[in-house]
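So you can see what is in the structure, the chains are spelled out below.
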Amino acid sequence: MKAVRIHHYGNAEVLQYEDAPVPEIGADEVLVRVVAASVNPVDWKVREGYLQQMIPYPFPLTLGWDVSGVVAAVGDAVTDFKPGDAVYSRPDIKRNGTYAEYVAIRAAELAHKPRTISHVEAASLPLAVITAWEVLFTTAQLQAGQRVLIHAGSGGVGSLAIQLAKSCGAYVITTTSEKNRGFVESLGADEVIDYQTQAFHEVVSDVDLVFDTLGGEVQELSWGVLKPEGILVSIITPPAQERAASLGVRCAFVFIEPNAVILQHVAGLVDDGIIRPIVGAEFALQDIAKAHALSESGRARGKIVVYVGQP
């Protein structure tokens, strides 16, 4: 099969489109023929070696941890899936990924693909929607009527977070550029702040949740917009617990694991028309370096999807 692998850490030049063996599957695993994958910041962070202290990867390594595809084979212990099933997943990041024509995934990490969307759209969802769900509902326990500030609302995670927050009845404030105002409003944003001309910390206050997708100075300035007992949740840098305590607020850091239960629930929301995937750019697997460059630029709207195989 064809795959994009790296043989050592480095810049985009280390990405090699090459022949690789089809993965073997264990009793509790499924072999998925990949139709589409997507690019997430974690992909190029792994490529650069930023996570090597946390996850000791062997080489060669296939990157990519979003997939939509078709079941090609199942292990002897698998009962929930059969060959021909359309599935999607955010598989275990510690294993070889989905920039390949086939990938082995534990059955417990798979969900049936939403029926009403394409594989390309479905591939854009898993990592981003699990992240948004874990922040909003599992960690912050967002409720109807609460106020949430979602940074970078036009991005892959932000665009889904807006929709999920609105689906539970929250009041959604988001930051983005003026050119994306109409886009985030179409997703359900109640209040839009143009970060290029407005300082969000000067115009926003008394929010129950800050969803930090940027870290750095944005995270630091976000403390001041929380109401007492509000929570700042980051997916970039762990916020300081001591700082939160001194301000009378809470904080958390989210780094997700595979979660098929969330994906199955999201499939229902998609098929009911409550959530829609946002595909902002599409590339062939051979052009993965260009896809990484777009992701690294921080200028992508929605998700970056990679074509791998035929539906």
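Up top you'll find the structure we're talking about.
Residues numbered from 1 in each chain as written. Predicted model: local features only at pLDDT ≥ 70, side-chain atom pairs only at ≥ 80, totals over all residues. Heavy atoms only, no water.

Structural notes on the overall build of the chain
1) Next: In terms of regular secondary structure, the chain is built from ten helices and 16 strands.
2) Next: Here the C-alpha atoms of the chain give a radius of gyration of 19 Å, agreeing with the 19 Å that 2.2 N^0.38 yields for 311 residues.
3) Next: Projected onto the principal axes, the alpha-carbon positions of the chain cover approximately 55 × 40 × 35 Å.
4) Next: Within the chain, buried positions represent 55% of all 311 residues. (Helix = DSSP H or I, 4+ residues; strand = E, 2+ residues; numbered from the N terminus. Rg over C-alpha atoms; globule rule 2.2 N^0.38 Å. Buried < 20%, exposed > 50% of the residue type's maximum accessible area, 1.4 Å probe, protein only.)

Looking at the side chain of Thr-176
1) Next: With respect to the helices and strands, the residue Thr-176 is situated in strand 10 (residues 171-176).
2) Next: Polar contacts involving the side chain of Thr-176 include one to the side chain of Ser-154, which spans 3.2 Å. (Polar contact = N/O pair within 3.5 Å; in protein donor to acceptor, adjacent residues only side chain to side chain.)

Some points on the sheet that holds strand 2 (residues 16-19)
1) Next: In spatial order, the strands read 2-1-4; together these three strands make up an open sheet with antiparallel pairing. Taken across any chain shown, the strands that pair with only one partner, and hence form the sheet edges, are strand 2 and strand 4 (61-62). (Pairing = 2+ DSSP bridges.)

A short note on the pattern of salt bridges
1) Next: Within the structure shown, the criterion is met by 15 salt bridges.
2) Next: Here Lys-2 makes a salt bridge to Asp-19, at a shortest N to O gap of 3.1 Å. One end of the pair, Lys-2, is in strand 1 (residues 2-6); the other, Asp-19, is in strand 2, and 17 residues separate them in sequence.
3) Next: Owing to a relative accessible area of 27%, Lys-2 belongs among the partly exposed residues under this scheme. (Salt bridge = Lys/Arg side-chain N within 4 Å of Asp/Glu carboxyl O.)

Some remarks on the sheet that holds strand 13 (residues 226-234)
1) Next: Read across the sheet, six strands follow the order 11-10-9-12-13-14 without closing on themselves; strand pairing throughout is parallel. In this open sheet, the two strands that pair with only one neighbour each are strand 11 (191-194) and strand 14 (250-253). Neighbour to neighbour, the strand axes of the sheet diverge by 15° on average, direction disregarded.
2) Next: Here four bridges tie strand 10 to strand 11, and the two strands are oriented parallel to one another. Paired with Thr-176 across the two strands is Asp-194, which belongs to strand 11.
3) Next: Along the sheet, helix 3 (residues 126-139) contacts strand 9 (147-150), strand 12 (207-212), strand 13 and strand 14; its crossing angle with strand 12, the most-contacted strand, is approximately 155°. (Axes fitted to C-alpha atoms, helices over the stretch in contact; angles between N-to-C directions. Contact = heavy atoms within 4.5 Å.)

Regarding the pairing of strand 15 (residues 279-284)
1) Next: As judged from the five bridges shared by strand 15 and strand 16 (residues 303-307), these two strands associate in the parallel manner. Paired with Ala-284 across the bridge in strand 16 is Tyr-307.
2) Next: Assessed by its sense of winding, the connection that carries the chain from strand 15 through helix 10 (residues 288-297) to strand 16 is right-handed. (Right-handed = clockwise from strand over helix to strand, strands pointing away.)

So, the packing of aromatic side chains
1) Next: Applying the stated criterion to the full structure yields three aromatic pairs.
2) Next: Judged by centre distance (4.9 Å) and plane angle (80°), the ring pair of Trp-133 and Phe-137 falls under edge-to-face. Of the two residues, Trp-133 and Phe-137 both sit in helix 3, four residues apart, roughly one turn of that helix.
3) Next: The ring of Trp-44 has Lys-45 sitting right over it, with the charged end atom 5.8 Å from the ring centre.
4) Next: A cation over a ring is seen here: Arg-301 above Phe-183, with NZ or CZ 4.3 Å from the ring centre. (Phe/Tyr/Trp six-rings, centres within 6.5 Å; stacked < 30°, edge-to-face > 60°. Lys NZ or Arg CZ within 6 Å of the ring centre and 35° of its normal.)

Focus on helix 1 (residues 41-48)
1) Next: Where helix 1 is concerned, the buried positions are Val-42, Asp-43, Trp-44, Val-46 and Arg-47.
2) Next: Buried residues in helix 1 make contact with strand 1, strand 3 (29-39), strand 4, helix 3 and helix 10.
3) Next: Just downstream of helix 1, Gly-49 is the residue with a positive phi angle, here 95°.

Considering a nonpolar patch on the surface
1) Next: A cluster of nonpolar residues, Met-54, Phe-253 and Phe-255, forms a patch on the protein surface that exposes about 290 Å² of accessible area.
2) Next: Relative to the helices and strands, Phe-253 resides in strand 14.
3) Next: Owing to a relative accessible area of 35%, Phe-253 belongs among the partly exposed residues under this scheme. (Patch = residues over 30% accessible without salt bridge, like charges linked within 9 Å, V, L, I, M, F, W, Y side chains within 5 Å. Areas by Shrake-Rupley, 256 points an atom, 1.4 Å probe, with all protein chains shown as cover.)

Things to note about the packing of helix 3 against helix 4 (residues 156-167)
1) Next: Closest axis-to-axis distance for the helix 3/helix 4 pair is 9 Å, and the angle between their directions is 50°. The angle between helix 3 and helix 4 falls in the class oblique. Helix 4 is crossed by helix 3, and the crossing has right-handed handedness. On helix 4, the residues that touch Ala-128, Val-129, Thr-131, Ala-132, Trp-133, Leu-136 and Phe-137 of helix 3 are Gly-156, Val-157, Leu-160, Ala-161, Leu-164 and Ala-165.
2) Next: Along the lines of polarity and charge, the residues of the contact of helix 3 with helix 4 split into eleven nonpolar, two polar and no charged. (Parallel < 35°, antiparallel > 145°, perpendicular 65-115°, else oblique. Left-handed = near helix turned anticlockwise from the far one by under 90°. Nonpolar A, V, L, I, M, F, W, Y, C, P; charged D, E, K, R; others polar.)

Some words on the environment of Ile-275
1) Next: One can find Ile-275 in the loop between helix 9 (260-271) and strand 15.
2) Next: The sequence separation of Ile-275 and Ile-105 amounts to 170 residues, and the corresponding C-alpha distance is 25 Å.
3) Next: When neighbours within four sequence positions are excluded, Ile-275 is seen to be in contact with Leu-160, Gln-163, Leu-164, Leu-269 and Val-270.

So far we have only geometry, and geometry alone does not tell us how the molecule works.
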